[in-house]
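Each chain, written out:
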Amino acid sequence: MANHFDLHAALTLATQPGPFMTMTLPVTGIPATDRTQFKSLLKQGKERLAKVAPDRAWSAYDEAFSPFSQGPLTNGSAAGLLIMAGPTDSYHYWLHTPVAATVTVTYQPNVLPILQARDQTSDFDLLLLSQDAFELAQVRSGRPELINLPVDAPATLTQALGSEQRGRGRWQRSAGDQTHYSGTGSLDAAQAADQRNYFLMVDSYVSEHYSNVNQVPLILVASASNQGNFRKVSQNAYLDPVVQLVQNPNLAAANQTLAAVTFKVSEQRHQQATQVRHDVYAKARQGQQVVQDLGALATAAVQGQITKLWIRADATQPGHLTEKGEVMTATALSRQNNLYNDLALLVSRLGGQVEVLPAEAMPTRSPVAAQLQLRAAMLH
C-alpha cells in the first residue's frame with residue numbers, strides 16, 4: 001500500500017530534472033509471465049522516451065531499471081511494482097493492491113498510481129468478540145494478521161475475572177467438578193455483571209495496548225447483543241461508530257475466517273467513505289466551492305486554493321501545467337503528458353488532499369473536480 005512516505009518521496013523526486021519514466025508492473029508470482037511483461041513495458045518506455053524526449057539518453061535511466069532486468073520481480077505478497085525514474089534520481093516501491101500494466105513518460109513523476117493505491121486500502125484493527133473471549137487482528141496494507149496476545153491479556157472471561165468472580169454483590173462462582181453459585185439476586189443478573197466487567201476490561205486493554213498506540217479505526221465483529229453491550233461501556237476513541245460486522249466470530253478458527261471478515265469490513269468502509277465523499281461534494285457544490293472547468297482548476301491549483309481534488313482513476317487529459325497555471329500542449333512531451341497528474345502533484349505539494357478513485361466512487365460524473373477553500377470560493 002502506498003503511504004505518506006511514498007507520496008513524499010515522489011514529491012521530492014519531482015524537484016529533480018525530468019522527464020520521468022514511470023512503470024507499474026502487475027506481480028503474478030509466475031516468473032516467466034512477470035519477466036515477459038517487464039521486458040515489454042521496458043521496451044515501450046524506451047521507445048516513448050526516444051520519441052518525446054530525444055535529447056535524453058536512455059543510459060541516464062537504465063540504472064533505475066537494471067536491478068529488475070535480471071533480479072527478482074516479487075517481494076512477499078506484493079501485487080505490483082512501481083518504478084519511478086528520472087535522469088538524475090529514481091525510486092521504487094511494492095504495491096499490495098492490484099495494478100494495471102502501464103508505462104508513462106511525463107514532465108513530472110507519475111503520482112497517480114501512488115494516490116490510487118493509497119485510496120484503495122487503509123489500515124484498521126479488528127476486535128473479534130464473543131461473550132467470554134476475544135481475538136484481535138491488525139489489517140495493514142489490506143493484509144490481515146491475527147495478533148498473538150500476551151499471557152497477561154484478558155483473552156477469556158475466566159482469565160480476566162478469575163475462577164471466583166466478584167463485583168456483583170454477594171454472588172460468587174467457583175469452578176470445580178461442578179459450577180455453583182451462591183448469594184443474592186438472580187443468576188442472570190450475576191452473569192450480566194460478569195460480562196459487563198469483562199467487556200470493560202477488554203475495552204481498557206485494547207485501548208491502552210493497541211488503539212492508542214496504532215491510532216487506527218477499531219472495527220467490532222460481534223453478535224448484535226454483544227455489539228450493543230460492548231458499545232455501552234466502551235471508552236475507546238478509535239472504535240468506529242458506524243462500520244461494524246454483526247456476526248458471531250469463530251474464535252476457534254479465527255485465522256481461517258480472517259480474510260473473509262476483512263473483505264466484508266473493507267466493503268463497508270469503502271461504502272461509508274463513498275457516502276461521506278458524496279456528502280462533502282454536495283455541500284461544497286451548494287456553497288459554490290466546486291470547480292470542474294480545467295482552466296479554473298489550473299488557476300486554483302497554482303494559487304493554492306484547492307482543498308480537495310478528485311480524479312477518476314482512468315482519466316487522462318493531454319497537457320502540461322506551467323508554473324503560471326497555463327496548460328501547454330505545444331510539444332510532443334506535453335501532448336502525451338497527463339495534465340491530471342500535474343494537478344495532483346501541485347495540489348499535494350501545497351497541502352491539499354488528492355483522491356484517485358474508480359468511477360463508482362467519484363462524487364461526480366466529471367473525470368475531475370475540486371473543492372476550493374472557502375475564501376477562494378467567495379472570490380471565484
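Residues numbered from 1 in each chain as written. Predicted model: local features only at pLDDT ≥ 70, side-chain atom pairs only at ≥ 80, totals over all residues. Heavy atoms only, no water.

- As annotated in an unreviewed UniProt entry, the protein chain carries the name Bacterial archaeo-eukaryotic release factor family 6 domain-containing protein and is attributed to Levilactobacillus angrenensis.

## Observations regarding the sheet that holds strand β10 (residues 218-222)
Alright, step 1. Taken together, five strands build an open sheet; the order of strands is β7-β6-β5-β10-β11 and the sheet is mixed. Here the strands that pair on one side only, and so sit at the sheet edges, are β7 (143-146) and β11 (239-246). Geometrically, the sheet is characterised by an average inter-axis angle of 25° between neighbouring strands, direction not taken into account.
Alright, step 2. Across the face of the sheet, helix α7 (residues 224-233) comes into contact with β5 (124-129), β10 and β11 while running at roughly 165° to β11. (Pairing = 2+ DSSP bridges. Helix = DSSP H or I, 4+ residues; strand = E, 2+ residues; numbered from the N terminus. Axes fitted to C-alpha atoms, helices over the stretch in contact; angles between N-to-C directions. Contact = heavy atoms within 4.5 Å.)

## A few points about the layout of surface pockets
Alright, step 1. Estimated volume of the second largest pocket: approximately 490 Å³.
Alright, step 2. If you go around the second largest pocket, you meet 26 residues; those closest to its centre are Thr102, Asn110, Pro113, Gln116 and Ala313.
Alright, step 3. Secondary structure elements with two or more residues in the lining of the second largest pocket: β4 (102-106) and α4 (112-120).
Alright, step 4. Here the lining of the second largest pocket is composed, by residue class, of 12 nonpolar, 12 polar and two charged. (1 Å grid on protein atoms, 1.4 Å probe; cavity = no way out; pocket = protein on both sides within 12 Å on 5 of 7 lines; lining within 4 Å. Points joined across faces, edges and corners; volume = space filled by probe spheres on them. Nonpolar A, V, L, I, M, F, W, Y, C, P; charged D, E, K, R; others polar.)

## Structural notes on the pairing of strand β6 (residues 134-140)
Alright, step 1. Taken together, the six bridges between β5 and β6 define a ladder with antiparallel strand orientation. Paired with Leu129 across the strands is Phe134, a residue of β6.
Alright, step 2. Following β5, the chain reverses through four residues before pairing antiparallel with β6.
Alright, step 3. Bridging between β6 and β7 involves four bridges; their strand directions are antiparallel. Bridge pairing in β7 links Val139 to Pro144.
Alright, step 4. The hairpin formed by β6 and β7 contains two residues between the paired strands, and Ser141 there has a positive phi angle of roughly 55°.

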